[in-house]
Amino acid sequence: MTVDDSQDSPVAHMRLSVNGVHRDIEVPDDEALVTSLRKLGFTSVRAACGIGMCGTCTVQVDGMVASSCLLLTRQVSGCELVTSEGLVEDGALSEVQQAFLDHRAYQCSFCIPGMVLTVDACLRSHPSATVSDVREYLSGNLCRCGTYPSILEAVHALVAARTAGGDVR
Amino acid sequence: MTSINMTPQPTGAVGVDHPMQDAVDRVVGSIRFTIDHEVGGMAHARVIRSPFPHARLTGIDVKGALALPGVLAVLTGEDIVGDERIPNPCFGVARRDQWPLAVGKVRYAGDPVALVVADTERHADAAAIAVRVDYDELPYVVDAAEAAREGAPVIHEEWPRNECGSWALHHGDVEEGFAQADRIVESVYTSPSANPVPLEPHVAVAQWNDQLLQVWSSTQWPSIVRRELAHMFGLAEHLVEVRTYPLGGGFGAKGQVKIEPLVASAARIVGVPVRLELDRDEVFLTVAKHPATIRVKSGVKRDGTFVARDMELVYAAGAYAVTSPSGTGNALVRAPGPYRIPNIRITSQAYYTNTVPGGSFRGAFTNQVAFAYESHVDEIASELGMDPMMLRMKNLLRDGDTYATGEAMHDVHFEELVVNVAEGIGWDEAQPPMAPGRLRAKGLAVILKSTPTPSRSEARVEIGGDGHVTVYSSAVDMGQGASSTLAQLAAEFLGVRYADVRVVDPDTSTTPFDTMTAGSRTTFSSGSAIRQACAALIEAIGELGADQLGLSPAELAHDEGHVVAAMDGSHRRSYGEVIVAAGLSSLSREGVFQSESGGAFKDPLDVKGMASIHWHQGAAAVEIEVDIETGRVIVLRCHGASWAGRIVNPTRVRQQNEGNIIFGIGPALFEQLEMESGQVINPNMSDYMIPSILDVPEHMTSTALVSSEADAELHGVGEMTIPAVAPAIANAVFRATGVRIRDLPLTAERVLRGLRSVEGKDR
């Protein structure tokens, strides 16, 4: 949706930085971040519950995971946002994405980008995360298909490979 | 006819763990869902819903809303009924009893009453608040048993007793059976309403071009949506194009016909493309698992032999029929469970209620009966002092046994399944010491499920001049990987590489008819259609190739997408080259799978005969722990198993078996649509929780049992372990605590109450 409906509510002028690209935008004061991101084409960010319970709208804000349905866009002015699209570098999947791919950790996959971002953040702060660390981190990312076991396998394999000192790509 | 040497050698596409074809898009998030679909100039819609369960509509004031910025129209039921371009505004797959927007009265709290169409979602939301609706409240009924009573509020005038499905089955002589019994065991089991909660909500976009209607919808039933829309607008079916993207989950929620009639009507009346995406609370108000009350009375011999069974199944249909009239029939034929019971009487009924319309829910019309009959088997075991597994082994159906429908059962694997799941959790292992305040035990359950019968799947398979293969099928990929599974099958049947096959998304203007993507039928049904199409294609290519190479068809063989001389492999020519040499751009053939009609359902009050083209079979065993302070049930271990016959993709089969277990833990332990004053009071993902990664048993495993025959029949595995989860847990809770819970879900509160009442009795 690209219609400009900003005349109805006060507008914030702000700098939105997503995946390393800065945009100076006008955004309705009360617009949720998930809405702004989807309007900009970041469709890996998806709304499913609207109340911060399901994790499908997960983004990284300055490296921390957040539900973009619970943030107003103007609240993240000046922050560095990362979406799943931003984890892909020069066409190559990130290690976490590659692990999900290799372990078939996807079914309908509506939740997967959020899962990947959460695992990515978890492993950045806990490089040798245990299964229980990962479960705790992912407890706010719901998957109705029940892909959780494959996701845990993917993360476990990635951590094991990294711990073994291998150069994982 | 295809001679033996014309059949391509298998390429090994089947049984291989190929990734889904769009795996990278799924992981990165670049996969497109219907929520991402936009068309130029589209408007956005917002539904105004009734807060009352049953009320007369006395006035809708749209003036205030119409005056707001960006509002294009505010529609009511009268606008749709009064539009001559919509000659048949009612829709429904079993009964056309549902209006896109309520006319005259509302039948449940959540019934759509008006629709705002505006240039933006923001404007539509703002205007929706400004629509004023006056209601005159009517007496309402939310409980099926009450709806069945004389004098209950009538929900549809055409159905004065609120009847919405009525079936009966008599097998053997029940009275005589009970007379032979040493013991009679009788109990009542209930399952509440629940929601399938696909993460992608219902969403549809409709666009009209003069007489052509194009609809993009997140639906599991594109062919039936087309049929209903064509009927509604009085159009030939080829003037309605229904397209789907892969779904962000379905689980039954997107079965039948849901928001498409409303969106298509709005686009017709307003004259612009219209998009509607439901909010989460609206998903909860659009489809519900049928609440059920199931009475089971059994007569058994002292040695455990089942001799008689009497069952009454009563379902709340909700405000509109959807599939309740036929679904109750499916419930009936599944209700005896996988047992040899010589004398059976069952009735199955649904009644209209002023609640969210009943619909499909992963394991539909099986979960409720399975919870009842599998809890019941353990109650009998307890009564007789027998091991519940041994009691099952004594009575489970074996090959050649007669089922309650009178049909002889074949390809039966229930005993294997029970042994498999029992071993999977160490049924006979000694109990490790329990933590203080915890009680631990194991439980199991085994189920059968009919597959929708009759049903039809068509497919067209095309080979291009470049040798690439395109499969046209209206089977919907909703995360189960249908497209990739069907691609693996097509690759196998044609003897080509998996990477060279593409299965397109459903588009009814090009993909042929398919009854539904539901009931775990797609791999078998669409797979059968594809197999037929591929065989015809191979034959056609063989004829062309033989002609081109100057050989007789018998002298020709097929080898990995090429025709060759059978004798020495010479004259090698690719399928693409054969097609081009024949002056064609591509070559395609169609296949049709049409199952036999389910003869069992001819007389609803005397169900007898073939009820399912084949029977799905599954089982689950759990080890649980109960926290006696709080009543909380923790599933420590679970092993699920299903009969697959033959596996197309091992990972996806495992993900179905284990995904079903995880899904099943929700309605077993906590999922329930809560009602108060006829309203759903928890229509959000905070008050209605679904299983998270923390609910996954620490030890979870599964098995797909396969045939030793290379060409065994494929069995769908989309729902085989879910119905067994709740009774397996309930049975384990009983074995741990002595508390028998007959009402789902097994919340901590219910278990704690049970523990207290057991303690009370002990004192």
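Residues numbered from 1 in each chain as written. Chains lettered and ligands numbered in written order. Predicted model: local features only at pLDDT ≥ 70, side-chain atom pairs only at ≥ 80, totals over all residues.

Asks: Looking at this structure, I do not really get the pairing of strand S14 (residues 306-318) of chain B. What am I missing?
Replies: Consecutive side chains along a regular strand alternate between the two faces of the sheet. All names here are of chain B. Counting buried positions along S14 gives twelve out of 13 residues, so the element sits mostly inside the fold. In terms of strand pairing, strand S13 (residues 292-300) meets S14 through nine bridges, oriented antiparallel. Across the sheet, residue isoleucine 294 finds its bridge partner in S14, namely leucine 313. The turn joining S13 and S14, which pair antiparallel and follow one another in sequence, is formed by five residues; a positive phi near 100 degrees is taken by glycine 304. In terms of strand pairing, S14 meets strand S15 (residues 344-352) through nine bridges, oriented parallel. Looking across to S15, one finds that tyrosine 315 is bridged to alanine 350. Handedness of the S14-helix H10 (residues 324-334)-S15 crossover: right-handed. (Buried ≥ 20, exposed ≤ 12 C-beta atoms within 10 Å, placed from the backbone. Helix = DSSP H or I, 4+ residues; strand = E, 2+ residues; numbered from the N terminus. Pairing = 2+ DSSP bridges. Right-handed = clockwise from strand over helix to strand, strands pointing away.)

Asks: How should the confidence of the model for chain B be read in this particular structure?
Replies: Regions with low pLDDT should not have their predicted coordinates read in detail. Residues and elements named next belong to chain B. Looking at chain B, the pLDDT average stands at 96 and 98% of residues meet or exceed 70. In this model residues 1-6 is a low-confidence stretch, pLDDT under 50, and it forms 13 contacts with partners more than four residues away in sequence or in other chains. Taken over the whole predicted complex, pTM reads 0.96, whereas the ipTM for its chain interfaces reads 0.96. (pLDDT = per-residue confidence, 0-100. Contact = placed C-beta atoms within 7 Å.)

Asks: What am I meant to see in the domain arrangement of chain B here?
Replies: Quoted interface sizes are often the accessible area lost when the parts come together. All names here are of chain B. Taken domain by domain, chain B consists of domain 1 (4-31 + 455-594), domain 2 (34-138 + 201-246 + 253-284) and domain 3 (292-452 + 600-762). Computed over C-alpha atoms only, the centres of domain 1 and domain 2 are separated by 38 Å. With 16 residues of domain 1 at the interface, the matching set in domain 2 holds 14 residues. Broken down by class, the residue content of the side of domain 1 that touches domain 2 amounts to seven nonpolar, five polar and four charged. (Domains from an automatic or database assignment. Nonpolar A, V, L, I, M, F, W, Y, C, P; charged D, E, K, R; others polar.)

Asks: I keep staring at the environment of methionine 64 of chain A and nothing clicks. Help me out?
Replies: One can find methionine 64 of chain A in strand S4 (residues 64-67). Taking C-alpha positions, methionine 64 of chain A is 9.6 Å from serine 125 of chain A, a pair spaced 61 residues apart along the chain.

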